[in-house]
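# A look at the structure
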Amino acid sequence: EEGRANTAANPEGIPRKSRRKMDADGEGEELAWQQGFHRTWEGVKDQRPGAQILENAIDQKLSKKTDIDDALDTAHRKTMIRFTYLIVDLSSSMNKTDLKPSRLACTQMYLEEFIKSFFDQNPLSFIGIIVLRDGKAFRLSELSSSPQNQIKLLTEKFEASGECSLQNGLETAYRNLQSVPSYAHKEILVVFSSLCTCDPGNINGTISKLALSKIRCNIIGLSSEIFICRNLATSTQGEYHVVKHETHFRTLLKAHAHPSPLLSGSIKNVLISMGFPSREIFTEPRLCACHCEYRFEMYRCPVCDSYVCELPTICPVCELNLISSPHLGRTYRHLMPVQKFNLLYNGEDNPEDEQERVRLKKLISESPKRLKCNGCQRLFETNEETVRSFSRCPHCSLFYCLDCDLFIHESLYTCPGCD
C-alpha cells in the first residue's frame, strides 16, 4: 500500500529527493553521488606565502635560479672535508611499487647518481655504506674516497628482506665515526622506507649520543612521516623530508651532495698537513699499502715512500692526507662561489600592473634588437620572453641566457667573461 502511494505521488518515477533538486526551468540537477568521477585534487592550489604554480619551463628555471641566488645570499661556513655514512633501509618494505619500478630499484639507481655527485662536489671527502635488513645492520663498505668501489658494492649486494632496525644502523655508524679526525665534519644520511623500526634497546639514548658528538643526521623517508625520524633529525640539527615522487627523491639526494652549512662547535680550526704524491708506473707489479693488492700504477707518499693506489686518501703508514692539486682546486669553488647574475627584468610578471608593463616595454626598447649569450653564443630576438630569461654578470656586464646561467652556477663554477 505504501509503495503504491509513493508511485501515485510521483507519477514521473522520480525520487522525492531528486525532485527537490529541480532548477527554474524544471530540468533535474544530478546529485553529487550521481555525477561522474572528477579529479578535484588537481584544482587545489598552494596557498602558502611565496608559493608559485610553475606552468612552463621558463618558470621552472626561474624558480631554480631563485633557489641558487638565495643560497648565495645566505652566508654560511661550508663543510669541506666530510665523513658521511649512508644508511639504507633494505627491509621488505623496499619491494613496494609506489615508486616505479619499485622502491628498491629506484633507490639503487638514484644512490649511484648521488655517490658520483657527492665526490664531484666534495673531492676531499669520504663515504661509507650501511644497510639494514633482517633486524640487523651490515657495513657494506668502509669510509672510502673511491666512487667506483662504492657503486660496485651497491650493484652486487642490494637485496631487501626482513625488518629494519634503525638503532643498529645508527650505532654502527656512531662507532665507525669515532676515529674520524677532529677537523672533519661527521654526518649520516638515512634512506628510510619502513613505517616502524625493530630496535634492541632505547633508540633515544642513541640519538642523545649522536647529538653530543655533533653528528648530523639527515633522513629521506620513502613512506609517511614518522615521529622517531623527525626527532632524530631535530635533535642532531639535520633535515627530514618525505619523498613525493621519483623526481622529488632524486632532487632530495642531489641536495645532500652539496656541502652543508657547518654546525657551531662541530669541528676545530686546525692546520691540516697535506701531501701531494707523485704518480709512478712500474714494469713489475708492486703491493699497495691501502688494499694489499698488486698494481702497475700507484702513487708514492712524499713522507714514508709507501704506495697507495687511489687519491684522495689517508696514508695507512704515516696517516698523511694525500691529495692532488685538482682536488684542492675543486674544493675552493665552494669557498669562493660565482656571484649571482642579475636578471634584466626582475619584476613581477603581472599583466594588471600598468607600471610593470611600462617598465618592461621600456627595457625592451632600450635593449639591442638581438641579445647574444656569452655562453652558448646564440642570438635571441629581444621580446618579453627573452628579456625575462636573460641575466647579466655584475663584474664583466656580459649577457647570459637562463640555461647558461644555471650551468655556470651548478657545474662550471666560473664566469667565462671574467676569466
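Basis of the calculations
Residues numbered from 1 in each chain as written. Predicted model: local features only at pLDDT ≥ 70, side-chain atom pairs only at ≥ 80, totals over all residues. Heavy atoms only, no water. 1 Å grid on protein atoms, 1.4 Å probe; cavity = no way out; pocket = protein on both sides within 12 Å on 5 of 7 lines; lining within 4 Å. Points joined across faces, edges and corners; volume = space filled by probe spheres on them. Nonpolar A, V, L, I, M, F, W, Y, C, P; charged D, E, K, R; others polar. Pairing = 2+ DSSP bridges. Helix = DSSP H or I, 4+ residues; strand = E, 2+ residues; numbered from the N terminus. Contact = heavy atoms within 4.5 Å. Patch = residues over 30% accessible without salt bridge, like charges linked within 9 Å, V, L, I, M, F, W, Y side chains within 5 Å. Areas by Shrake-Rupley, 256 points an atom, 1.4 Å probe, with all protein chains shown as cover. Salt bridge = Lys/Arg side-chain N within 4 Å of Asp/Glu carboxyl O. Buried < 20%, exposed > 50% of the residue type's maximum accessible area, 1.4 Å probe, protein only. pLDDT = per-residue confidence, 0-100. Disulfide = S-S within 2.5 Å. Phe/Tyr/Trp six-rings, centres within 6.5 Å; stacked < 30°, edge-to-face > 60°. Axes fitted to C-alpha atoms, helices over the stretch in contact; angles between N-to-C directions. Parallel < 35°, antiparallel > 145°, perpendicular 65-115°, else oblique.

## Section: empty space enclosed by the protein
Within this structure, the stated rule accounts for two cavities of 30 Å³ or more. Its volume calculated, the largest cavity comes out at about 60 Å³. The wall of the largest cavity is formed by Ile81, Leu124, Phe126, Met274, Pro312, Thr313, Asn321, Leu322 and Ile323. Class assignment of the residues belonging to the lining of the largest cavity gives a composition of seven nonpolar, two polar and no charged. If you add up the space inside the second largest cavity, you get close to 40 Å³.

## What about the pairing of strand S8 (residues 278-287)?
Pairing geometry for S8 and strand S9 (residues 294-300), over six bridges, is antiparallel. Note that in S9 the partner of Ile281 across the bridge is Glu297. Hairpin connection, S8 to S9: the antiparallel pair is bridged by six residues, and Cys292 has positive phi, about 55°.

## Some words on unusual backbone geometry
For the peptide bond that leads from Lys100 to Pro101, omega is -5°, which places it in the cis range. Mapped onto the elements of the fold, Pro101 is located in the loop between strand S1 (82-89) and helix H4 (103-121). The omega torsion across Leu311 and Pro312 is -5°, close enough to zero to call that bond cis. Mapped onto the elements of the fold, Pro312 is located in the loop between strand S10 (307-308) and strand S11 (313-314). Positive phi, close to 60°, is recorded for Ser397, a residue that is not glycine. Residue position: Ser397 is located in the loop between strand S16 (390-392) and strand S17 (399-401).

## Quick look at the sheet that holds S9
By definition, the strands of a sheet pair up through backbone hydrogen bonds, in either a parallel or an antiparallel sense. Sheet architecture is open: three strands sit in the order S8-S9-S10, paired in antiparallel fashion. Single-partner strands in this sheet number two, and they are S8 and S10. Pairing of S9 with S10, which is carried by two bridges, proceeds in the antiparallel orientation. Within S10, the position partnered with Arg300 by the bridge is Tyr307.

## Description of the layout of surface pockets
Any space left empty among the atoms is revealed by the rolling of a water-sized probe across them. As a volume, the second largest pocket reaches approximately 840 Å³. Forming the boundary of the second largest pocket are 31 residues, of which Phe126, Glu142, Leu143, Ser144 and Thr313 lie nearest the centre. Breaking the lining of the second largest pocket down by element, the ones donating at least two residues are S1, strand S3 (136-144), helix H5 (147-156) and S11. Among the residues making up the lining of the second largest pocket, the classes are represented as 14 nonpolar, eleven polar and six charged.

## Some remarks on the environment of Cys396
Among the structural elements, Cys396 can be located in the loop between S16 and S17. As for Cys396 and Asp419, which are separated by 23 residues in sequence, their C-alpha atoms are 9.4 Å apart. Dropping the residues within four chain positions of it, Cys396 is found in contact with Cys415, Gly417 and Cys418.

## Quick look at a nonpolar patch on the surface
A grouping of Tyr332, Leu335 and Met336 is seen on the molecular surface, where their side chains present a nonpolar patch of about 340 Å² in accessible area. With respect to the helices and strands, Leu335 occurs in helix H10 (residues 325-335). When its relative accessible area of 47% is taken as the criterion, Leu335 is described as partly exposed.

## Thoughts on the confidence of the model for the protein chain
With 76% of its residues at a pLDDT of 70 or more, the protein chain shows a mean pLDDT of 80. Counted against residues more than four places away or in other chains, residues 1-25, with its pLDDT under 50, gives 14 contacts. For residues 48-55, every residue scores under 50 in pLDDT, and the model assigns this stretch five contacts once sequence neighbours within four places are set aside.

## Topic: the state of the cysteines
Following the criterion strictly, the structure yields zero disulfides and no others. Unpaired in this structure, Cys196 has its nearest cysteine sulfur neighbour in Cys198, at a distance of 7.6 Å. Among the cysteines around Cys301, which has no disulfide bond, Cys318 carries the closest sulfur, lying 3.6 Å off.

## Here we look at the packing of aromatic side chains
Counting across every chain of the model gives six aromatic pairs. Centroid distance Phe282 to Tyr307: 5.2 Å. Interplanar angle 85°. Geometry classified as edge-to-face. Residue Phe282 is located in strand S8, and its partner Tyr307 is located in strand S10; the two are separated by 25 residues in the primary sequence. In this structure, Phe282 and Tyr307 share a single accessibility class: buried.

## What to know about the sheet that holds strand S13 (residues 342-343)
Spatially, the three strands line up as an open sheet ordered S13-S16-S17, and their pairing is antiparallel. Unpaired on one side and paired on the other, S13 and S17 mark the two borders of the sheet. Note: S13 against S16, two bridges, orientation antiparallel. By the bridge assignment, Leu343 is partnered in S16 with Ser391. Against the sheet, helix H13 (residues 402-412) contacts S16 and S17, and its axis sits at roughly 95° relative to S17.

## What to know about the packing of H4 against H5
In contact at an axis separation of 10 Å, H4 and H5 are set at 170° when each is read in the N-to-C sense. Taken together, the axes of H4 and H5 are roughly antiparallel relative to one another. For the pair H4 and H5, contact is made by Gln108, Leu111, Glu112, Ile115, Lys116 and Phe119 and by Pro147, Gln150, Ile151, Leu154 and Thr155, respectively. Here the contact of H4 with H5 is composed, by residue class, of six nonpolar, three polar and two charged.

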